[in-house]
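# Chains, contacts and geometry: an overview
Chain residues, written in single-letter form:
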Amino acid sequence: MFFDSHAHLDDRKYGQDRHEMLMRAREQGVSNIINVGYDIPSSQRSVALAEKYDFIYAAVGIHPHDAADCGEDGLDKIRKMASHPKIVAVGEMGLDYYRNLSPQDTQQQVFRQQIRLAVDLGKPIIVHDREAHGDVMKILKEEKADQARGVLHCFSGSMEMARECLKMGFYISIAGPVTFNNARKLQEIAVEIPIDKLLIETDAPYLTPEPHRGTRNESSYVVYVGRCIAKLRNIPVEELAAATTANAKILFGIT
Ligand code: NI
């Protein structure tokens, strides 16, 4: 069984066939999915999806792109939503210096506030890091994020950064780009990370893995991510699937 640890299946790209897409994932052996919010409305939609489907759990949070529109009242709303029994994490949160859709100081402030909230609530965090590795590590350390633990989603840092995260008790999640031809560095990291610290994800509808690159992503394609990493590690795909599923269940407290 595969566990898709990060997806955005409330996206309007699934407006016509969401239920069929979810059933396809189930048929392919996807046991669970974490649907991840990135602002207040998407967090609310994530809760609704988790209420509708027993195998879907949700995370609520403010993505760095949306940090400027968040405000104090946004964090209050996240706090209130997070008490829902199917909300298993706070996120996604973090820094994105690639697109810089919110000013960097605002991104940092909202990232810090959400780490504090997660520590307070005793929930793990889901971290988005794009071209902001140094500041992400600095803030994780300064805010003592090891007390919350969590996952670096769609990991794009170095092995050295991965080791620092592992030391803080974090998991590393690998997404579709590992299947791309030019992903040598990421493929090496996918092999080196201890198997008990590895998660897999789709980040659907984004980052579609090979052989479907260029089309809409969906949760059933987590199988391609799993197969690719199992092949790289030279282990049976069943072993990779079982380990990453067990890891996700431990991190998100799913029994
Ligand atoms: Ni995401």
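Residues numbered from 1 in each chain as written. Predicted model: local features only at pLDDT ≥ 70, side-chain atom pairs only at ≥ 80, totals over all residues. Heavy atoms only, no water.

Here we take up the packing of aromatic side chains. Aromatic ring pairs are defined here through the distance separating the ring centres and the angle between the ring planes. Applying the stated criterion across every chain yields a total of three aromatic pairs. Each ring, one from F3 and one from F252, has its centre 6.4 Å from the other, and the planes form 20 degrees; the classification is stacked. Here F3 is found in strand β1 (residues 2–7), whereas its partner F252 is found in helix α9 (residues 237–252), with 249 residues between them in sequence. Of the two residues examined, F3 and F252, each falls in the buried class. (Phe/Tyr/Trp six-rings, centres within 6.5 Å; stacked < 30°, edge-to-face > 60°. Helix = DSSP H or I, 4+ residues; strand = E, 2+ residues; numbered from the N terminus. Buried < 20%, exposed > 50% of the residue type's maximum accessible area, 1.4 Å probe, protein only.)

This brings us to the nonpolar core. Ranked by size, the top nonpolar core spans 74 residues in total, and within it I125, L140 and L152 carry the most contacts. In terms of residue count, the dominant contributor to this core is helix α8 (residues 222–233) (six residues). Setting aside its immediate chain neighbours within four residues, L140 contacts F111, I115, I125, V127, A145, L152, M168 and F170. Judged by nonpolar contacts, the second largest core, of 15 residues, contains F3, A59, I126 and F252. (Core = buried A, V, L, I, M, F, W, Y, C linked by side-chain atoms within 4.5 Å. Contact = heavy atoms within 4.5 Å.)

A word on unusual backbone geometry. Note on backbone geometry: most residues besides glycine have negative phi, and most peptide bonds are trans. Between A204 and the following residue, P205, the backbone shows a cis peptide bond with an omega angle of 15 degrees. Among the secondary structure elements, P205 is positioned in the loop between β8 (198–200) and α8. A cis geometry characterises the amide bond from E210 onward to P211, with omega recorded as 10 degrees. Examined against the element boundaries, P211 turns out to sit in the loop between β8 and α8. Even without a glycine there, the phi angle at K144 is positive, about 50 degrees. By secondary structure assignment, the location of K144 is in the loop between α5 (133–142) and β6 (150–152). One non-glycine residue with positive phi stands out, namely L207, at about 55 degrees. Inspection of the secondary structure assignment puts L207 in the loop between β8 and α8.

This part takes up the coordination of the nickel ion. For the nickel ion, the protein coordination sphere consists of H6 (NE2), H8 (NE2), E92 (OE) and D203 (OD), at 2.2 to 2.5 Å. Around the nickel ion sit four donor atoms; with metal-centred angles ranging over 83 to 169 degrees, the donor geometry is irregular. For H6, a relative accessible area of 1% translates into the label buried. (Donors = N, O, S within 2.8 Å, 3.2 Å for Na, K, Ca; no water. Tetrahedral: all angles 85-135°; square planar, octahedral: opposite > 155°, others 65-115°.)

Across the five residues that make up strand β3 (residues 56–60), a large majority, five, are buried. Burial along β3 is two-sided: the face carrying I56, A58 and V60 and the face carrying Y57 and A59 are both buried. Relative to β3, strand β2 (residues 30–36) runs parallel, the two sharing four bridges. Pairing of N35 across the sheet is with A58, part of β3. Taken together, β2, helix α2 (residues 40–52) and β3 constitute a β-α-β crossover, and its handedness is right-handed. Pairing of β3 with strand β4 (residues 87–96), which is carried by three bridges, proceeds in the parallel orientation. Of the residues in β4, the one forming a bridge with V60 is V90. (Pairing = 2+ DSSP bridges. Right-handed = clockwise from strand over helix to strand, strands pointing away.)

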